[in-house]
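Here is how the chains run, residue by residue.
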Amino acid sequence: MKAPALRRAVLLLAWAIPASGAVENSIARARRSLDQIEAARSPEEQRRAAALLADDMSLGEEPRPAGALSASFAVNSQSALNRAESAGARQEVAQSRSKAASGFDEELQRRFREILRVVRGGWGAPIGPEAKRPRYLLVKGLYGDHISDYMEGNLRRLRSLGLEADFVPVHTDSAYEENLKLIEQAVAAEQSVVLLGHSRGGVLIHDWYRAAPTASKAKVRRVILVQAPLWGSEAADWISDRWYARAILNGLALLPGWEDPLEGVLELTSSKRKEVMMGLPELSPGDLKKIFTVASSFDSEADDERHQDMAASERIIRAMTGRSNDGLVAVESALVPGSDAVFMEDFDHEDSVLEHPGWFKRLRGRRPLDDVRVGDFTEALVRAAVQP
């Protein structure tokens, strides 16, 4: 998913809904509240701005007591806000990130950091023949076909290393069942594959692999899941709970090139993902040895323009759930217990797949990341997960 869901919804509402004066005023207030959350530095400022936003985003819902918080993405947990107020926003970020990182294997973490350091320094040895044997199949996340440069940097680096790599042509808006068939067809056409998926793409790969025939699984060398909301995303929950957010996505389906944007979001709600996960076959010890997951978080309180698109949603998800997250996916949701996993610090949901921001991001002041950031991350994944 791209950009904070809250800001996207507010901006699209202003464009999509021929609203009454009251609704237009609520949209304007919500925009101001979002700006205040992004600019907030003290816990009191965050609490006040979040409460105002929750009230302003309750368009068309049943009347609630003054100051009550909404029941979904717009910060519904008063206790979480009270914790942020008492502990301090920056302290909460540090504690949340520390807790998230503590569950990862220290040796693998150390090894991955060292590999990434070597790759960024340009000191890596040539990729060995074992890593070159499989074909690398990449699966894009939600709306990936509509996001400029999405996963192109990952693909460029793989090919520059002499690896055979390409995208699986999944539908990035919808068509869950058909996408699983497309992955099966792509794997069936190869002798050996490494599957790499980001966000919803990781979810699709994970679900396909869990239910795949034994012969298909035997062809899979590695399953690499990057920031995949396996147990759902609070951003998807928020959209599914709001009639106007759903209406906006249904409106996008009328535009050329779009299919069913709402369907893709509903696939990633916490309730739907729990239902799917509970219905999938169990992973064997051999399966778990093939899976390599990546989770991440960042400090939304830091003044860092690289994370400006994700800062507001990171704060809201953290206040709502108390969980460290990358701006769209909580760390715990991206993990497969028993598999290899690495935790990336100072890494938001876009940092693993976007190098060059599109026109909308440029209008907001975003500039290209270091050209090697996405590529280096991808190469480090190959060296850690695939290279013997």
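### Section: the sheet that holds strand E3 (residues 193-198)
So, point 1. Strand order in the open sheet made by the six strands is E2-E1-E3-E4-E5-E6, with parallel pairing throughout. Edge strands, defined here as strands with exactly one partner in the open sheet, are strand E2 (165-167) and strand E6 (340-344). Between one strand and the next, the sheet's axes are offset by a mean angle of 15°, whatever the strand orientation.
So, point 2. Here strand E1 (residues 135-139) pairs with E2 via three bridges, running parallel. Of the residues in E2, the one forming a bridge with Leu138 is Phe167.

### Focus on the pattern of salt bridges
So, point 1. Per the stated rule, a full pass over the model turns up 21 salt bridges.
So, point 2. Its salt-bridge partner being Glu164, residue Arg135 comes within 3.1 Å of it at the nearest N-O pair. On the criterion of sequence distance, the pair formed by Arg135 in strand E1 and Glu164 in the loop between helix H8 (152-160) and E2 is long-range, its members being 29 residues apart.
So, point 3. The shortest N-O distance in the salt bridge between Lys217 and Asp287 comes to 3.1 Å. You can see Lys217 sitting in helix H11 (residues 214-217) and its partner Asp287 sitting in helix H16 (residues 285-290), a full 70 residues away along the chain. An identical accessibility class is assigned to Lys217 and Asp287; each is buried.
So, point 4. A single salt-bridge network, built from bridges that share partners, covers Arg135, Arg159, Glu164, Asp166 and Glu190.

### Here's the deal with the pairing of strand E5 (residues 291-296)
So, point 1. In terms of residue burial, E5 counts as a mostly covered element, since six of its six residues are buried.
So, point 2. What you see with E5 is no split at all: Ile291, Thr293 and Ala295 on one side and Phe292, Val294 and Ser296 on the other are buried throughout.
So, point 3. In the sheet, E5 pairs with E6 via five bridges, with the strands oriented parallel. If you follow Thr293 over to E6, its bridge partner there is Ala341.

### So, the packing of aromatic side chains
So, point 1. Applying the stated criterion to the full structure yields six aromatic pairs.
So, point 2. Ring centres 5.1 Å apart and planes at 45° place the aromatic pair Phe347 and Phe377 in the tilted group. Within this pair, whereas Phe347 is found in the loop between E6 and helix H18 (359-363), its partner Phe377 is found in helix H19 (residues 372-385), the two being separated by 30 residues in sequence.
So, point 3. Residue classification places Phe347 among the buried residues on the basis of a relative accessible area of 1%.

### Overview of the layout of surface pockets
So, point 1. If you add up the space inside the second largest pocket, you get close to 200 Å³.
So, point 2. Lining the second largest pocket are 13 residues, and of these Arg113, Leu116, Phe343, Met344 and Glu345 lie nearest its centre.
So, point 3. Counting only elements with at least two residues in the lining of the second largest pocket, the list comes to helix H6 (106-120) and E6.
So, point 4. In the lining of the second largest pocket, the residues fall into six nonpolar, one polar and six charged.

### Observations regarding the packing of helix H9 (residues 176-188) against helix H10 (residues 200-211)
So, point 1. One can describe the packing of H9 onto H10 by two numbers: an axis separation of 10 Å at closest approach and a directional angle of 70°. Judged by the inter-axis angle, H9 sits roughly perpendicular to H10. In this structure, H9 meets H10 at a crossing whose hand is right-handed. Counted together, Tyr176, Asn179, Leu180, Ile183, Glu184 and Val187 of H9 and Arg200, Leu204, Ile205, Asp207 and Trp208 of H10 form the full contact between these two elements.

### Overview of the confidence of the model for the protein chain
So, point 1. Residues of the protein chain with pLDDT of at least 70 account for 69%, and the chain-wide mean is 79.
So, point 2. Below pLDDT 50 for its whole length, residues 1-27 participates in 59 contacts with residues either more than four positions away or in separate chains.
So, point 3. Considering only residues more than four positions removed or in separate chains, one finds that residues 53-87, a stretch of pLDDT under 50, has 83 contacts.

### Quick notes on the packing of H10 against helix H15 (residues 270-279)
So, point 1. It is the contact of H10 with H15, at a shortest axis distance of 10 Å, that shows an interaxial angle of 25°. Here H10 lies roughly parallel to H15, going by the angle between them. Touching Val203, His206, Asp207 and Arg210 of H10 are Arg273, Val276 and Met277, all from H15.
So, point 2. Classifying every residue of the contact of H10 with H15 by side-chain character gives three nonpolar, one polar and three charged.

The rules behind these values
- As a convention, each chain's residues are numbered from 1 in the sequence order in which they are written.
- For this predicted model, a pLDDT threshold of at least 70 governs which residues receive local features, and a threshold of 80 or more governs which side-chain atom pairs are given and counted, while totals over whole chains, interfaces and linings are taken from all residues.
- To get the side-chain values, all heavy atoms of the structure are used, and hydrogens and water are removed first.
- Strands were regarded as paired on the criterion that DSSP finds at least two bridges between them.
- Only DSSP runs of H or I covering at least 4 residues are called helices, and only runs of E covering at least 2 are called strands; the numbering of each starts at the N terminus.
- Axis lines are fitted through C-alpha atoms, for helices just across the contact stretch, and the angle between N-to-C directions can take any value from 0 to 180 degrees.
- A pair is scored as a salt bridge if a Lys or Arg side-chain nitrogen falls within 4 Å of a carboxyl oxygen belonging to Asp or Glu.
- Burial classes: relative accessible area under 20% of the type maximum marks a residue as buried, over 50% as exposed, and values in between as partly exposed (1.4 Å probe, protein chains only).
- Put simply, two rings from Phe, Tyr or Trp (the six-membered ring, in Trp's case) pair if the centres are within 6.5 Å, and we call them stacked under 30 degrees between planes, edge-to-face over 60, tilted for the rest.
- Here the term cavity refers to a set of points on a 1 Å grid, laid over the protein atoms alone, in which a 1.4 Å probe fits but cannot get out; the term pocket refers to an open set having protein on both sides within 12 Å along at least five of seven lines, with lining residues being those that place an atom within 4 Å of a point.
- Grid points are joined across faces, edges and corners, and a volume is the space filled by probe spheres set on the points.
- Any residue that is not Ala, Val, Leu, Ile, Met, Phe, Trp, Tyr, Cys, Pro, Asp, Glu, Lys or Arg is counted as polar, Gly included; the first ten are nonpolar and the last four charged.
- Should an angle fall under 35 degrees it is called roughly parallel, over 145 degrees roughly antiparallel, and 65 to 115 degrees roughly perpendicular, with every other angle called oblique.
- Crossings are sorted by hand: turned counterclockwise from the far helix by less than a right angle, the near helix makes the crossing left-handed, and turned clockwise it makes it right-handed.
- We call two residues in contact whenever any of their non-hydrogen atoms come within 4.5 Å of each other.
- Scored from 0 to 100, pLDDT records how confident the predictor is in each individual residue.

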